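Each chain, letter by letter, is given below.
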Amino acid sequence: MSLKTPLTSQPQFTPPSTPATPDALDAYQATLGQLLLQPDAENALTSAEALSAFLENTATQVFSNETMPAEALAQVKHWLTQQPLNRLQQYRIMVRGNLNDTLKTIFPFSTTVLKTQWPQVFDRYLQAHPPQSYLLFECAAALPAYLATDSAAEPYPFLPELANIEYIEAKLLRAESRAETPESAQAPGEQRAESDTPAVRLTLNPVAQGIQCRWPVQGVVEAIKAEAPAAFFNAIKPEAACIWVFRDAQFKCRFFNVSPVIHAALILLQGAPTPVTLAQLTLQLTQLMQQANFKAHPPSEDDLAEALAPLQSAGLVITTLTR
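Residues numbered from 1 in each chain as written. Predicted model: local features only at pLDDT ≥ 70, side-chain atom pairs only at ≥ 80, totals over all residues. Heavy atoms only, no water.

### Observations concerning the overall build of the protein
The secondary structure content of the protein amounts to 13 helices and six strands. Relative to its 323 residues, the protein shows a buried fraction of 44%. Roughly 17400 Å² of accessible area belongs to the protein as shown, and the carbon and sulfur atoms make up 53% of that amount. (Helix = DSSP H or I, 4+ residues; strand = E, 2+ residues; numbered from the N terminus. Buried < 20%, exposed > 50% of the residue type's maximum accessible area, 1.4 Å probe, protein only. Areas by Shrake-Rupley, 256 points an atom, 1.4 Å probe, with all protein chains shown as cover.)

### A few points about the side chain of T319
With respect to the secondary-structure elements, T319 resides in strand β6 (residues 317–322). Looking at T319, the relative accessible area reads 0%, which means it is buried. A polar side-chain atom of T319 sits 3.1 Å from a polar atom in the side chain of Q312. (Polar contact = N/O pair within 3.5 Å; in protein donor to acceptor, adjacent residues only side chain to side chain.)

### Structural notes on the side chain of T203
Topologically, T203 is positioned in strand β1 (residues 199–204). In contact with T203, other than residues within four places in its own chain, are L269, P275, L316, V317 and I318. (Contact = heavy atoms within 4.5 Å.)

### With respect to the packing of aromatic side chains
Tallied over the full model, the rule gives eight aromatic pairs. When the centroid spacing of 6.1 Å and the interplanar angle of 65 degrees are considered together, the rings of Y156 and F158 count as edge-to-face. One exposure class covers both Y156 and F158, and it is buried. On the numbers, 5.5 Å between centres and 90 degrees between planes, the contact of F232 with F233 is edge-to-face. (Phe/Tyr/Trp six-rings, centres within 6.5 Å; stacked < 30°, edge-to-face > 60°.)

### Section: the nonpolar core
Within the largest apolar cluster, 45 residues are counted, with the highest numbers of intra-cluster contacts made by F158, L159, L162 and F233. For this core, the secondary-structure elements that each account for two or more residues are α4 (87–106), α5 (108–114), α6 (118–128), α7 (143–146), α8 (159–174), β2 (208–213), α9 (217–225) and β3 (241–247). The element best represented in this core is α8, accounting for eight residues. With near-sequence residues (within four places) excluded, L159 lies in contact with S110, V113, L114, L147 and A153. With 27 residues, the next largest nonpolar core counts V258, L269, L278 and A314 among its residues. (Core = buried A, V, L, I, M, F, W, Y, C linked by side-chain atoms within 4.5 Å.)

### A word on the environment of T102
Following the sequence through the fold, T102 ends up in helix α4. On the accessibility criterion, T102 (18% relative accessible area) is buried. Distance in space between the C-alpha atoms of T102 and C139 is 9.2 Å, their sequence separation being 37 residues. Residues contacting T102, with those up to four places away along its chain left out, are L136 and F137.

### Side note on the pairing of strand β4 (residues 253–258)
Bridge count between β3 and β4: six bridges; the pairing is antiparallel. In the sheet register, R247 faces β4, and the bridge partner there is C253. The hairpin turn running from β3 into β4, its antiparallel successor, is five residues long, and F251 in that turn takes a positive phi close to 60 degrees. (Pairing = 2+ DSSP bridges.)

### Here we look at the pairing of β3
Side-chain positions along a regular strand alternate between the two faces of the sheet. Of all seven residues in β3, seven are buried, a share of seventy percent or more. In β3, alternate side chains face the same way, and those of A241, I243, V245 and R247 on one face and C242, W244 and F246 on the other are all buried. Judged from the six bridges that link them, β2 and β3 form a sheet pairing that is antiparallel. Note on β3: the bridge partner recorded for I211 is I243.

### Digging into the sheet that holds β2
Ordered in space as β2-β3-β4, the three strands form an open sheet in which the pairing is antiparallel. Every interior strand has two partners, whereas the edge strands, β2 and β4, have only one. Recorded for the sheet is a direction-independent mean angle of 20 degrees between the axes of neighbouring strands. The strands touched by helix α13 (residues 301–314) are β3 and β4; relative to β4, the strand with the most contacts, the crossing angle is about 175 degrees. (Axes fitted to C-alpha atoms, helices over the stretch in contact; angles between N-to-C directions.)

### Observations regarding unusual backbone geometry
Positioned with a positive phi, K115 is a non-glycine residue whose angle comes to about 50 degrees. Within the secondary structure, K115 is located in the loop between α5 and α6. By relative accessible area, K115 is classed as partly exposed at 47%. Located in the positive-phi region is F251, a residue other than glycine, with phi close to 60 degrees.

Below, the structure written as structure tokens:
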């Protein structure tokens, strides 16, 4: 990431002893990563001379970043190769760099929206939510809610929901549960349960989560991929959506935008202790919609089967056969 801070002709780079400039050290983090991967240099951190020599020899390659101003490049190289070694500070830099990289990996679209404001948001987030775990992934959990309070996110009210979906995706990819493969390609409702035939029963993919959103986050993601101008994100209007994120059998996360009625049906499936028949699900959904005063009419068994068919084909709804 480029360093945007204006610089004078004299070296003004300040070692990051405060949370002011962690982001400019991405390349430095890469240098230490190379250092630690070299078997013959595994004890190099105990020697200031060894570290300085390594940095001097690899600085040109590591910092060949055309997006970084030459002045900033010179100042960073000067600090890395000339300043005395402070082991605690080196460790701090590594941890901050790793955490910054982790957050940018988990929240690629949110950090893209924030652009040059991300380093400052990162600093404020660490001050508001100091890490409570040595697992960097867990340090990311509070970011979606935090973005609702940070001034840099005010022009983008959709940002907390976007970050929440990104975190859910990362969490599902790490989940220990295995995504099941449908045991039958038969669409829900195609076969009715009879006393002498197997019954088609439905359950939900165990690695799935549904979210009710007030903003069109899927459209935001597509706009980011298309490199839409900043003005586009300032003009986004609220648009309610029910989104389900799930991990398929190939360990890839997929997304489905469903109606409120199907969202309710999936929640029922998720809460069912055992697989249910389509008839049972239709009855439970009808009762729920009546109790919750849904504006829509409860679907028939055939209509529900048709609506669930693409979700079953994708692996969000799992079909099993039982007698």
